[in-house]
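Observations on chain architecture
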Amino acid sequence: MRATSGTQPQHGLRKRALRPVPIATAVLTIAAGGVLVPVFAQGSEATCSVKYSVGNTWRGGFQGSVTVTNKGKPAKNWTLAFDFPSGQKIVRGSNADWSQKGSKVTVRGAGADRTLATGDKVRAGFVASGAKATPSRFKFNGAVCDSGKSAPAGPSSSASASASVRATASGSPSASPTTGTPTTPASSQAASDGTLASRLSVSKITLPSSLSYLEAGYNQQAEWTRVDTQAAPDGTVKVAWPAADGIHVTPLTPALARDGADTVVPGTKEVGGLVAHNDGFALLTRVSDTNKWDETAAALVRYKNGSLAFDKKLTGTASNDTSPVLDSQLKWNGSKYGAYFVVHGAGGWADGHFGDKLAYVNDSGTTQDGGWDWGCSHNEGIALHPESSGAFTSLCFDDWRSGLLVSTGIGAPDDAPVVQREECWAGYCGGTYPGRSGDLVKSATGRYATAWASRGAASAVKNPEDSSGRGWKVTPKTDTHQVTVAFLKDGSTPDGDPVQLTDDAKTDHVNVRIAPYGKNLLVSWEEVTDAVCKSGTCTGKFGGTHLRVIDYDGKTVAPDEVVDARIAGDIAVLPDSSLAWAFTAATPDYSSGMSGSSPTSSTLSIARLKN
């Protein structure tokens with residue numbers, strides 16, 4: 001970041017609350033495009049309608065949804081029944097309780113959608129084995145939906161008769177985020193049919209302290225509190241998560257079961273990055289400090305064999321910087337750590353400005369050559385990949401230059417290679433970069449990939465209000481964010497235009513993640529359906545956690561699947577190329593900004609996705 005002519009905020013925390021965002025109502029959308037077969041009630045006395053949709057299909061299975069609208073009396077504890085024609089079996093369902101006996105499938109309302117007032121509708125999704133099929137008849141509380149001869153048999157409710165849809169998912173109310181019920185391993189729910197769901201299993205560990213698993217981002221939008229899961233060379237796994245008494249690092253066996261007591265790093269305040277070693281771990285975090293802003297310092301902490309090896313501050317009065325938030329990554333190449341994080345100027349020419357810093361430290365805690373003190377302006381997301389020698393490959397978001405830039409080895413000067421222009425203001429760049437931390441994945445052939453939530457660029461011009469001539473002004477294509485991936489042919493050269501994986505202007509996409517998955521890539525995101533957007537963030541209804549497998553050109557290898565396993569931080573790559581991550585089993589609420597304190601959990605769910 002260079003000194004500027006006053007076009008940027010001068011000081012204060014970057015994650016400030018902005019104007020209130022209106023609440024939206026929405027219909028949960030599970031299935032992507034495909035065959036849409038409407039089945040409507042006939043005549044003016046219609047009491048119900050059903051839309052049955054088949055989305056993605058694959059060998060041995062398909063994904064679909066049913067949308068039911070109550071056109072009769074208010075219906076409490078409603079059910080929808082239909083028959084599959086040729087041996088199809090429900091593998092799993094969402095947004096309702098699904099069951100099957102023989103060919104008969106029964107869908108029961110759950111959570112806040114258990115009662116449907118007149119005009120209410122709800123959409124529930126499923127994954128099934130067998131060839132795709134279209135049932136010919138549906139019954140809603142015993143009434144045939146296309147007959148129009150009888151009203152639904154369910155008892156009356158005092159719910160309003162106006163058309164409305166309540167924000168729920170996975171059968172849980174979402175008036176406020178709540179801890180979910182224990183998740184059963186997906187492998188027990190589905191045969192090994194080649195789907196991601198059949199390869200996914202989830203277990204739980206008990207925590208010795210409470211985890212506050214949400215935090216407020218821009219416009220008070222709820223974001224998952226970051227936890228970091230990493231694997232050591234010997235296959236053991238460590239999970240870092242924050243608690244009131246400091247950052248906890250929980251040891252797990254290669255089978256992802258607890259392996260002893262937590263190591264608690266006292267006085268630490270944020271999980272900024274984790275490296276798992278056979279003899280312990282290294283943690284990038286924040287600690288108390290004395291400076292003009294009364295803010296924390298970034299610190300690298302190393303534990304070996306259960307004891308503190310070193311605790312090194314990476315910001316301070318000597319370097320005129322602080323780190324009130326990290327938005328960071330920590331990587332290890334076998335001889336040195338690369339710590340990439342946010343800084344706030346506390347003296348010198350950059351006093352009051354925000355930028356980013358890259359510091360290299362060896363395993364003895366000694367600073368190494370390279371890196372920089374000030375890079376991207378108001379950097380809101382950081383990606384870092386360790387290289388065997390030389391500078392680590394890095395990406396950053398820059399609000400002055402308005403875009404995602406390659407910062408490798410050069411601290412993102414004015415001529416940094418541009419991956420994608422984005423609208424950026426007050427440190428906000430077209431969507432929070434993956435989990436406010438970012439990731440950058442490298443293939444065996446040396447090609448890099450990254451993913452983020454992007455609004456795109458309808459136009460990008462030099463900012464006429466910036467007298468320096470170096471600022472940019474971008475007009476976004478959409479108010480909502482779409483899942484986008486981009487590629488580098490080497491550590492500093494973007495390769496082709498970014499690839500947009502989603503294209504739905506009414507759906508916002510948040511919490512975008514990317515990880516290596518065998519020779520391909522796994523991309524994950526959460527949907528916010530029927531989104532209403534203002535000031536850069538969107539409200540709506542949680543539409544599930546999506547997984548998709550793509551190749552290193554952005555082409556789909558396996559279609560989207562919706563899974564009940566949130567991703568709340570970094571993903572570990574295990575020795576057998578499986579992926580593992582930790583998360584809190586709770587349903588997010590995207591209907592409005594977050595208010596009050598975060599809910600807490602005394603357990604963590606551990607997901608494993610076999611390759």
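Residues numbered from 1 in each chain as written. Predicted model: local features only at pLDDT ≥ 70, side-chain atom pairs only at ≥ 80, totals over all residues. Heavy atoms only, no water.

What about the overall build of the chain?
Within the chain one finds one helix and 50 strands. Residues classed as buried in the chain amount to 59% of the 611 residues present. Sequence separation of at least 24 residues holds for 62% of the intrachain contacts in the chain that already meet a minimum separation of 6. Summed over all atoms, the accessible surface of the chain reaches about 22500 Å², with 49% contributed by carbon and sulfur. (Helix = DSSP H or I, 4+ residues; strand = E, 2+ residues; numbered from the N terminus. Buried < 20%, exposed > 50% of the residue type's maximum accessible area, 1.4 Å probe, protein only. Contact = heavy atoms within 4.5 Å. Areas by Shrake-Rupley, 256 points an atom, 1.4 Å probe, with all protein chains shown as cover.)

Topic: the pattern of salt bridges
Working definition: two side chains of opposite charge can pair if their charged atoms are close together. Per the stated rule, a full pass over the model turns up 20 salt bridges. Its salt-bridge partner being Asp-289, residue Lys-313 comes within 3.1 Å of it at the nearest N-O pair. Of the two residues, Lys-313 sits in strand β25 (residues 307-313) while Asp-289 sits in the loop between β23 (280-287) and β24 (297-304), which places them 24 residues apart along the sequence. Overall, the relative accessible area of 18% leaves Asp-289 in the buried class. (Salt bridge = Lys/Arg side-chain N within 4 Å of Asp/Glu carboxyl O.)

Focus: the sheet that holds strand β15 (residues 200-212)
Reading across the sheet, the four strands line up as β15-β50-β49-β48 and stay open at both edges, with antiparallel pairing between neighbours. The two strands at the open ends of the sheet, each matched to only one other strand, are β15 and β48 (572-573). Relative to strand β50 (residues 600-609), β15 runs antiparallel, the two sharing nine bridges. Its bridge partner lying in β50, Ser-212 is registered against Thr-600. (Pairing = 2+ DSSP bridges.)

A short note on the sheet that holds strand β11 (residues 138-140)
Ordered by their spatial adjacency, five strands build an open sheet running β7-β8-β5-β11-β12, and the pairing between neighbours is antiparallel. Taken across any chain shown, the strands that pair with only one partner, and hence form the sheet edges, are β7 (97-101) and β12 (143-144). In terms of strand pairing, strand β5 (residues 79-83) meets β11 through three bridges, oriented antiparallel. The residue of β11 that forms the bridge with Ala-81 is Lys-139.

Here's the deal with the packing of aromatic side chains
For the coordinates displayed, the defined rule picks out 17 aromatic pairs. Each member of the aromatic cluster is reached from another via a ring pair, and the members are Tyr-52, Phe-62, Phe-82, Phe-84, Trp-98, Phe-126 and Phe-138. It is Lys-292 that lies over the ring of Trp-293; its NZ or CZ is 4.9 Å from the centre. Over the ring of Trp-472 we find Arg-421, and its NZ or CZ is 3.7 Å from the ring centre. (Phe/Tyr/Trp six-rings, centres within 6.5 Å; stacked < 30°, edge-to-face > 60°. Lys NZ or Arg CZ within 6 Å of the ring centre and 35° of its normal.)

Re the pairing of β50
The element β50 is largely enclosed, with a buried count of seven among its 10 residues. Bridge analysis of strand β49 (residues 579-583) against β50 gives five bridges, and the strand direction is antiparallel. Within β50, the residue paired with Leu-579 across the bridge is Leu-609.

Remarks on the environment of Ala-580
In this structure, Ala-580 sits in strand β49. Residues Ala-580 and Val-237 lie 343 residues apart in sequence; the distance between their C-alpha atoms is 9.0 Å. Beyond its immediate chain neighbours, meaning those up to four positions away, Ala-580 contacts Thr-229, Leu-256, Ile-571, Ala-572, Leu-574, Ala-607 and Arg-608.

Observations concerning the side chain of Asp-399
Position of Asp-399 among the secondary structure elements: in the loop between β32 (393-398) and β33 (403-406). For the buried Asp-399, no salt bridge exists, and the shortest N-O distance to an oppositely charged side chain is 7.1 Å, to Arg-401. At 2.8 Å, the side chain of Asp-399 forms a polar contact with the side chain of Ser-377. Here the side chain of Asp-399 touches His-378 through a polar contact of 3.5 Å, side chain to side chain. (Lys, Arg positive; Asp, Glu negative; His and termini not counted. Polar contact = N/O pair within 3.5 Å; in protein donor to acceptor, adjacent residues only side chain to side chain.)

Remarks on unusual backbone geometry
Within the chain, Asn-219 stands out as a residue other than glycine whose phi angle is a positive 55°. Summarising the element assignment, Asn-219 is placed in the loop between β16 (214-216) and β17 (222-224). Judged by relative accessible area, which is 4%, Asn-219 ranks as buried. The residue Ser-535 is not glycine, and still its phi comes out positive at about 55°. Summarising the element assignment, Ser-535 is placed in the loop between β44 (520-534) and β45 (537-550).

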